[in-house]
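A structural walkthrough
What follows is each chain in one-letter form.
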Amino acid sequence: MMQVGFPKDFLWGGAISAHQAEGAWNVDGRGPIKRDYLILDKKTGKRLVTYVDENGNHCKAALENGPQLPKGCHYACFEDCYYPDHDGNHFFEHYKEDIALCRELGFKIFRLSIAWSRIFPKGIEEKPNEKGLSFYRDVFRELKDNGIEPLVTLWHDDTPLYLEEECGGWQNRKLISYFDHYALTCLKEFKGLVKYYLTFNEINNVLLFLDMFNGNATDEMYRKAYQELHYKFVASSHFVKAAHEYDQDVKVGCMICGVPFYPASADPKDIMLSLEYMQRGIYYSSDVLCKGEYPDFARKLYAKHQVRLDISEDDLKDLKEGVVDFYSFSYYMSSVVTVHQSDDLVSGNFAAGVRNEYLDYSEWGWAFDPLGLRYFLELINDRYRLPMMIVENGLGANDVLVDGRIHDDYRIRYLHDHLSEMKKAIADGIELIGYTMWGCIDLVSAGGEMKKRYGLVYVDKDDEGNGTYLRIRKDSFAYYQKVIRTNGEEL
């Protein structure tokens, strides 16, 4: 029987991440992460990392997604620089107020991440930081007391800095065991409080980011990306297996950065190129996580960059036994690719490709493509036949206070159009079980800006860290509240 409208138990909610929202970066024993040393360069709009070189000189470089620091250098904070993630949106201090707002909205689920370094400051400790465990336990209980289910991401771009600097990060197989210890600690400590887990946030981004180098990424960069992914796949499979054995009520999902790649023309070479982007950028990661094995086309990808993975028979067995229970993904935009020369390129915050003449674009170069969301849902459903959650989706915009209010009709339109396509996908037979709007309460964007706001709730803070952190409901707050109250009947 065809589903009409959203299922009655549909999980409506919102999403944040620890390093973008919590703040309190050095409070109660939390250890540092790489993002604690990122500043926003106002001239270029890029994020720069600050460090001292072997001679003690203060340095800045665009290394957020690039190589490790030069030998002899160490991450460092400078007094004359502002670090947005140090404060986030003060969720660490305001979580009860924020959860009350989520309850007012009618949330059924709230996605947040655990900061690994708040539990294990260096990542190598045997015993966890009790203050870190206590904080998250309090947050999860507060959510439960308000009738909201936590959806917990174990890794959201925040490997403890010690593991990056001293162990080589995810190029080192040892990180699997360190992650295992952290993840299993969370599983045991939060039993009965957390039912839904995601392992690695946008795990496929290490490949997607290299594709944005416009052909300048080296073979060595790709080799490292594939190796990093393999170790993360194995770590993910370990957690899935452990969760199923330890608590039958727990469900574990993957988390993919969902970007459909369109061919720019009917040229068969463009068609083939768009398929290659989908294979490398999307299917490669989700095939392993959802099917438990590497796809046949992996051989083609490896040959292109002379990839030779450190992989064992035990790894392959673990991958097969540790497939996820549901498929979750982020969706913000689509992308267009072509083999032909084009001068009309998109260049924005984590956006690249040829401009799509049929679509509008945000201030940050992101395509407004609601139909692309339904297209992606159809592709993934046909490939995996798993329940799906959209765990990040939203419009980043420069909201302006007018007489103490935010009239964000543009965000309401964005939500309306994307939710409408979700509704159509469900009618087509897609098993969509949840939706958590990204940055439901304004937070520091991935680009380091507060002015790029996603929320239903405005947070009084600017790009220099000035503000009271007062929470103000936007017009979109009432809209989304109505959507949830009517279970999507009134869009």
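Residues numbered from 1 in each chain as written. Predicted model: local features only at pLDDT ≥ 70, side-chain atom pairs only at ≥ 80, totals over all residues. Heavy atoms only, no water.

**Some points on the pattern of salt bridges**
- Overall, the coordinates contain 28 salt bridges when judged by the stated rule.
- Where Lys232 meets Glu228, a salt bridge forms, and the shortest distance between an N and an O atom there is 2.7 Å. One end of the pair is Lys232 and the other is Glu228, both in helix H8 (residues 219-246) and four residues apart, which spans about a single turn. For the pair shown, Lys232 and Glu228 are each scored as buried.
- Of the charged contacts in the structure, one is a salt bridge between Lys474 and Asp399, with a shortest N-O distance of 2.6 Å. Remark: Asp399 occurs in the loop between strand E17 (388-392) and helix H13 (409-427) and Lys474 occurs in the loop between strand E20 (471-473) and helix H14 (475-485); sequence separation between them is 75 residues. Residue Lys474 shares its accessibility class with Asp399, and that shared class is buried.
- Linked through salt bridges whose partners overlap, the residues forming this network are Asp399, Asp408, Arg411, Asp442, Arg453 and Lys474. (Salt bridge = Lys/Arg side-chain N within 4 Å of Asp/Glu carboxyl O. Helix = DSSP H or I, 4+ residues; strand = E, 2+ residues; numbered from the N terminus. Buried < 20%, exposed > 50% of the residue type's maximum accessible area, 1.4 Å probe, protein only.)

**Notes on the sheet that holds strand E6 (residues 109-113)**
- Strands sit in the order E1-E6-E7-E8-E9-E11-E17-E18 around a closed barrel of eight strands; the barrel is parallel. Pairs of neighbouring strands in the sheet enclose a mean axial angle of 25 degrees, with direction left out of account.
- Pairing geometry for strand E1 (residues 11-15) and strand E18 (residues 432-438), over five bridges, is parallel. Within E18, the residue paired with Leu11 across the bridge is Gly434. (Pairing = 2+ DSSP bridges. Axes fitted to C-alpha atoms, helices over the stretch in contact; angles between N-to-C directions.)

**Remarks on the packing of helix H2 (residues 91-105) against helix H4 (residues 130-145)**
- Running from amino to carboxyl end, H2 crosses H4 at an angle of 10 degrees, the nearest separation of the two axes being 10 Å. Between H2 and H4, the angle falls in the class roughly parallel. Counting all contacts with H2, which are made through Phe91, Phe92, Tyr95, Lys96 and Ile99, the residues of H4 involved are Phe135, Asp138, Val139, Glu142 and Leu143.
- Looking at the contact of H2 with H4 residue by residue, the classes come out as seven nonpolar, no polar and three charged. (Parallel < 35°, antiparallel > 145°, perpendicular 65-115°, else oblique. Contact = heavy atoms within 4.5 Å. Nonpolar A, V, L, I, M, F, W, Y, C, P; charged D, E, K, R; others polar.)

**Points about the side chain of Lys241**
- By secondary structure assignment, the location of Lys241 is in helix H8.
- When sequence neighbours within four positions are dropped, the list of residues in contact with Lys241 reads Asp318, Glu321 and Gly322.

**Focus on unusual backbone geometry**
- One non-glycine residue with positive phi stands out, namely Arg385, at about 55 degrees.
- Within the element layout of this structure, Arg385 appears in the loop between helix H12 (370-384) and E17.
- Here the phi dihedral of Asn487 falls at roughly 50 degrees; this positive angle occurs in a residue that is not glycine.
- Its place among the elements puts Asn487 in the segment after H14.

**Focus on the pairing of strand E3 (residues 47-52)**
- Across the six residues of E3, five count as buried, placing the element largely inside the fold.
- Sheet topology note: the strand E2 (residues 38-40)/E3 ladder contains three bridges and is antiparallel. In the strand pairing of E3, Ile39 is matched with Leu48.
- Linking two consecutive strands that pair antiparallel, namely E2 and E3, is a turn of six residues; a positive phi of about 75 degrees is found at Gly45 within it.
- By the bridge criterion, four bridges tie E3 to strand E4 (residues 58-61) in an arrangement that is antiparallel. Residue pairing across strands places Thr50 opposite Lys60, the latter belonging to E4.
- Relative to strand E5 (residues 74-75), E3 runs antiparallel, the two sharing two bridges.

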